[in-house]
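If you want the building blocks of each chain, they are given just below.
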Amino acid sequence: MIEASAVLEEIRKNRITHVVGVPDNGSRVLYEHLRSDPDIQVIPVTREGEAFALASGLFLGGKNPLVAIQNTGFFESGDAFRGTAFNMGIPLVMVIGYRGYESMKSGSEPVDTAATFFEPTLNAWNIPYYWMLSTRDTGMIREAFSKAAATSLPVAVIYPGEMI
Amino acid sequence: MLDKYVCLEKLASRRRDEIVITTMSVASPWARLSDGPLDFAMVESSMGQAAPFAMGLALAQPQRRVILLNGDGSTLMCLGSLVTIAQNPPDNFTMVITENRTYEVIGNYPIPGSKRVNFETLAVGAGFAHVQTIENENEFDRNLPLHFESRVAQVFIWKIKPATEPVPTPTPYIRERARRLRLALAG
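Here's what I pulled together on the structure shown here. (Residues numbered from 1 in each chain as written. Chains lettered and ligands numbered in written order. Predicted model: local features only at pLDDT ≥ 70, side-chain atom pairs only at ≥ 80, totals over all residues.)

**So, the interface of chain A and chain B**
Across the contact, 24 residues belong to chain A and 26 residues belong to chain B. With nine residues, the single largest contributor to the side of chain A that touches chain B is helix α3 (residues 48-60) of chain A. When grouped by side-chain class, the residues that make up the side of chain A that touches chain B number nine nonpolar, ten polar and five charged. (Contact = placed C-beta atoms within 7 Å. Helix = DSSP H or I, 4+ residues; strand = E, 2+ residues; numbered from the N terminus. Nonpolar A, V, L, I, M, F, W, Y, C, P; charged D, E, K, R; others polar.)

So, in structure tokens, the structure goes:
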């Protein structure tokens, strides 16, 4: 289990100014915490691709955004991710919910293709990623920021299940 | 109908320290008028994403106006961004939709809905407080100052004649242009 309050604390430690994305069942509680945080502006977008363009503009303007979406939205974002955050060299951290992870692990049929497509896509696009499996792993967000800063490229933090 | 080259010249003549984001068939003509660090051609990027990109800049730089010159085809490709912008409207944001009803850089192939779509209705419906369609040069001259002065996020639709601009090829590459823009904004 991942406690959203611990994720929020890590986001605050990394001095995030804006969280951009689309909430899902995995991130809903986190978004609720974020909406009540006076220091972080939440910007919902209508499709996840917008999040990468918007966050890229925020970063070039001097802010420190984070993208929070589900893996399905990551697939939707393909060209926007490539053409904005990646091509512009934005050290952007994206927290991505791993929909279908449990179905894939249990071997049940049918397996959610949102899960089976996910890591191969991250690897195909050369996106470094860190696992956040429980509250103890929230420090991976910090690791991701270090990696993003070192490479001037986007880095993912992926997590299964629903934050509580 | 407006001549986009005349409109761009007039816009450039009034422009001071605003960020200007361009796309597709406007990118090259604008670069011939102005090509400094605050001019950002949203090319080698992702068609349709200039609007949320410009919104991010406007939110991050509230003291500086951001003028987005977006094609009609580009606007259609990320139509939801009108809603995204209108829900958190930066006061310093001016969006121009250059409406020629074609994908000009591929030889003026018609955009979807080219005979029916109404961009003013779309922008109003998305929630923009100020939306204006401009169809002739007198209207353009009258409204030009507003492009720089309005205190609400706004959309202007320029009804322009199709021209024959090729696919833009700005230099340097987009990563360097982004770095240049960030440095300029950092002061």
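**Looking at the sheet that holds strand β7 (residues 130-134) of chain B**
Residues and elements named next belong to chain B. The six strands lie next to each other as β2-β1-β3-β4-β8-β7, forming an open sheet whose pairing is parallel. A single partner strand is all that each edge strand has here, and the edge strands are β2 (39-41) and β7. On average, each strand axis in the sheet is tilted by 15 degrees relative to the strand beside it, whichever way the strands run. Pairing analysis gives five bridges linking β7 to strand β8 (residues 154-159), with the strands arranged parallel. Bridge assignment links Val131 to a residue of β8, and that residue is Val155. Taken strand by strand, helix α2 (residues 24-33) contacts β1 (19-22), β2, β3 (66-71) and β4 (93-99), and its axis lies near 130 degrees from that of β3. Contacting β1, β3 and β4, helix α3 (residues 50-60) runs over the sheet at an angle of about 180 degrees to β3. (Pairing = 2+ DSSP bridges. Axes fitted to C-alpha atoms, helices over the stretch in contact; angles between N-to-C directions.)

**Looking at the nonpolar core**
The biggest cluster of nonpolar side chains holds 108 residues, and the ones touching the most others in it are A:Val93, B:Ile21 and B:Ala54. Looking at which element gives the most residues to this core, the answer is α3(B), with nine residues. Setting aside residues no more than four positions away along its own chain, B:Ile21 makes contact with B:Phe40, B:Met42, B:Ala50, B:Phe53, B:Ala54, B:Val66, B:Leu68 and B:Leu69. (Core = buried A, V, L, I, M, F, W, Y, C linked by C-beta atoms within 7 Å. Buried ≥ 20, exposed ≤ 12 C-beta atoms within 10 Å, placed from the backbone.)

**Some details on the pairing of strand β3 (residues 65-70) of chain A**
Residues and elements named next belong to chain A. Across the six residues of β3, six count as buried, placing the element largely inside the fold. By the alternation rule, side chains of β3 split into Pro65, Val67 and Ile69 and Leu66, Ala68 and Gln70, which are all buried. Pairing of β3 with strand β4 (residues 93-97), which is carried by five bridges, proceeds in the parallel orientation. Bridge pairing in β4 places Gln70 opposite Gly97.

**Quick look at the sheet that holds β3(A)**
Residues and elements named next belong to chain A. Spatially, six strands are ordered β2-β1-β3-β4-β6-β5 in an open sheet, and the strand pairing comes out parallel. Either end of the sheet is taken by a strand with one partner, and the two such strands are β2 (41-44) and β5 (129-131). The mean angle between the axes of side-by-side strands here comes to 25 degrees, regardless of whether they run parallel or antiparallel. Pairing of β4 with strand β6 (residues 155-159) involves five bridges; the strand directions are parallel. Along β6, the bridge assignment pairs Met94 with Ala156. Of the strands in this sheet, β1 (18-21), β2 and β3 touch α3, which is tilted by about 175 degrees from β3.

**Side note on unusual backbone geometry**
Looking along the chain, the bond that leaves B:Thr171 and enters B:Pro172 is cis, with omega of -5 degrees. For B:Pro172, the position within the fold is in the loop between β8 and α9 (174-186). Here A:Asn126, not a glycine, exhibits a phi torsion of approximately 55 degrees, which is positive. Locating A:Asn126 in the fold gives a position in the loop between α8 (118-124) and β5. A tally of 8 C-beta atoms within 10 Å means that A:Asn126 is categorised as exposed. If you check the backbone angles, B:Met24 has positive phi at about 35 degrees while not being a glycine. Looking at where B:Met24 falls in the secondary structure, it is placed in helix α2.

**Observations concerning the environment of B:Asn108**
Mapped onto the secondary structure, B:Asn108 falls in the loop between β5 (102-103) and β6 (109-110). Taking the C-alpha atoms as reference points, B:Asn108 and B:Pro166, separated by 58 residues in sequence, lie 10 Å from one another.

**Quick notes on helix α6 (residues 119-126) of chain B**
Helical geometry note: an α-helix holds 3.6 residues per turn, so side chains three or four residues apart project in the same direction. Residue and element names in this part refer to chain B. Within α6, burial applies to Phe119, Ala123 and Ala126. The buried residues of α6 occupy an angular sector of 65 degrees when the element is viewed end-on, so they sit on one face. The elements touched by buried residues of α6 are α4 (72-77), α5 (80-87), β4, β7 and β8. Where α6 ends, the next residue or the one after it, Gly127, has phi of about 115 degrees, a positive value. (Arc of directions from axis to C-beta.)

**Section: the packing of α3(A) against α3(B)**
One way to put it is that α3(A) packs onto α3(B) with a least axis distance of 6 Å and a crossing angle of 35 degrees. Note on packing geometry: the crossing formed by α3(A) with α3(B) is right-handed. Along its contact with α3(A), which presents A:Glu50, A:Ala53, A:Leu54, A:Ala55, A:Ser56, A:Gly57, A:Leu58 and A:Leu60, the element α3(B) presents B:Pro52, B:Phe53, B:Ala54, B:Met55, B:Gly56, B:Leu57, B:Leu59 and B:Ala60. (Left-handed = near helix turned anticlockwise from the far one by under 90°.)

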